[in-house]
Amino acid sequence: GLVGPVLTFWYGTLGKLVTATGTKGTLMRLALDQLVFSPIFACMFFTALFTLEGHPQDIAQKLHQDLWEVVQANWKLWIPFQFVNFRFVPPQYHVAGANVIALVWNTYLSWNGHRTLEEVK
C-alpha cells in the first residue's frame, strides 16, 4: 500500500526536522504535517488513483475541483488526532496510530475520488 511506507518516511523526517519537545514541538510537527505533508499526500493519492484507473488526463481537473475541499476535510479529522498523536504517543507508535485514522480518511478520499468531475469553467 501507499500509506504505510509514506507515513513511515514522513514521520521519520518530521522527527529529524523538529527536535523541540512538549507543546512547542507538537505544534511545529502539526503545522508541518498539515500545511506541507497533507496537501502533497492528497495530490499523490488522486494522482495514483486516477493513473491506476486509467484516467491520468483527469488528474489536473480533479485537483482543481476538489483539492481545497479535501484539505479542509483533512484538517477537521487530522488536526485533533495528530495533536494527540504527536503530544502523547511515543514516536515509535505514530504510524500505527495514524493507520487507524487513515482507514477512515482513505475511505473518504476514495469516495471523493470517485465523485463525478464537473466541467471546469
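A short tour of the structure in this document, coming up. (Residues numbered from 1 in each chain as written. Predicted model: local features only at pLDDT ≥ 70, side-chain atom pairs only at ≥ 80, totals over all residues. Heavy atoms only, no water.)

## Examining the overall build of the protein chain
Now for step 1: Helix and strand counts for the protein chain stand at four helices and zero strands.
Now for step 2: Sequence-ordered secondary structure for the protein chain, helices as α and strands as β, is α-α-α-α.
Now for step 3: Its C-alpha radius of gyration of 15 Å places the protein chain within 12% of the 14 Å reference for a compact globule of 121 residues.
Now for step 4: With the C-alpha coordinates aligned to their principal axes, the bounding extent of the protein chain is approximately 45 × 30 × 20 Å.
Now for step 5: Among the 121 residues that make up the protein chain, the fraction classed as buried is 36%.
Now for step 6: When the accessible area of the protein chain is evaluated, it comes to approximately 7200 Å², of which 69% is carbon and sulfur surface.
Now for step 7: Distance between charge centroids for the protein chain: 17 Å, based on 8 positive and 7 negative side chains. (Helix = DSSP H or I, 4+ residues; strand = E, 2+ residues; numbered from the N terminus. Rg over C-alpha atoms; globule rule 2.2 N^0.38 Å. Buried < 20%, exposed > 50% of the residue type's maximum accessible area, 1.4 Å probe, protein only. Areas by Shrake-Rupley, 256 points an atom, 1.4 Å probe, with all protein chains shown as cover. Lys, Arg positive; Asp, Glu negative; His and termini not counted. Charge placed at Lys NZ, Arg CZ, Asp CG, Glu CD.)

## Here we look at empty space enclosed by the protein
Now for step 1: Here the structure, examined in full by the defined rule, presents one cavity of 30 Å³ or more.
Now for step 2: The calculated volume of the largest cavity comes to roughly 180 Å³.
Now for step 3: Around the largest cavity, the lining is made up of 18 residues, and of these Phe37, Phe41, Asn74, Trp78 and Trp105 lie nearest the centre.
Now for step 4: Where the lining of the largest cavity is concerned, the elements lending two or more residues are α1 (3-17), α2 (22-52), α3 (59-88) and α4 (94-113).
Now for step 5: Counting residues per element, the lining of the largest cavity draws most heavily on α2, at seven residues.
Now for step 6: Of the residues assigned to the lining of the largest cavity, the class counts are 12 nonpolar, five polar and one charged. (1 Å grid on protein atoms, 1.4 Å probe; cavity = no way out; pocket = protein on both sides within 12 Å on 5 of 7 lines; lining within 4 Å. Points joined across faces, edges and corners; volume = space filled by probe spheres on them. Nonpolar A, V, L, I, M, F, W, Y, C, P; charged D, E, K, R; others polar.)

## Some points on the environment of phenylalanine 41
Now for step 1: Turning to its location among the elements, phenylalanine 41 is positioned in helix α2.
Now for step 2: The sequence separation of phenylalanine 41 and valine 3 amounts to 38 residues, and the corresponding C-alpha distance is 9.1 Å.
Now for step 3: Contacts of phenylalanine 41, omitting those with residues within four sequence positions, involve Leu2, Val3, Val6, Asn106 and Leu109. (Contact = heavy atoms within 4.5 Å.)

## Notes on the packing of aromatic side chains
Now for step 1: What the rule picks out here adds up to eight aromatic pairs.
Now for step 2: With a centroid separation of 5.0 Å and an interplanar angle of 10°, the aromatic rings of tryptophan 10 and phenylalanine 37 are classed as stacked. With tryptophan 10 in helix α1 and phenylalanine 37 in helix α2, this residue pair connects regions lying 27 residues apart in the sequence.
Now for step 3: Phenylalanine 37 gets classed as buried once you look at its relative accessible area, which sits at 12%.
Now for step 4: In this structure, lysine 62 is placed above the aromatic ring of phenylalanine 46, and the distance from its NZ or CZ to the ring centre is 5.4 Å. (Phe/Tyr/Trp six-rings, centres within 6.5 Å; stacked < 30°, edge-to-face > 60°. Lys NZ or Arg CZ within 6 Å of the ring centre and 35° of its normal.)

## Observations concerning α2
Now for step 1: The sharpest bend along α2 reaches about 40° and sits at phenylalanine 37, with the proline proline 39 one to four residues further on.
Now for step 2: Backbone geometry just after α2 places glycine 54 at a positive phi near 80°. (Bend = angle between axes of the 7 residues up to and from the residue.)

## Let's talk about the packing of α2 against α4
Packed helix pairs are specified by the crossing angle of their axes together with the interaxial distance, meaning the distance between the axes.
Now for step 1: Interhelical geometry of α2 versus α4 gives an angle of 55° and a closest axis separation of 11 Å. Taken together, α2 and α4 sit at an angle that is classed as oblique. Between α2 and α4 the crossing geometry is right-handed. Taken together, the residues of α4 that come into contact with α2 (itself represented by Phe41, Phe45, Phe46, Leu49 and Phe50) are Asn106, Leu109, Ser110, Asn112 and Gly113.
Now for step 2: Across the contact of α2 with α4, the residue classes tally to six nonpolar, four polar and no charged. (Axes fitted to C-alpha atoms, helices over the stretch in contact; angles between N-to-C directions. Parallel < 35°, antiparallel > 145°, perpendicular 65-115°, else oblique. Left-handed = near helix turned anticlockwise from the far one by under 90°.)

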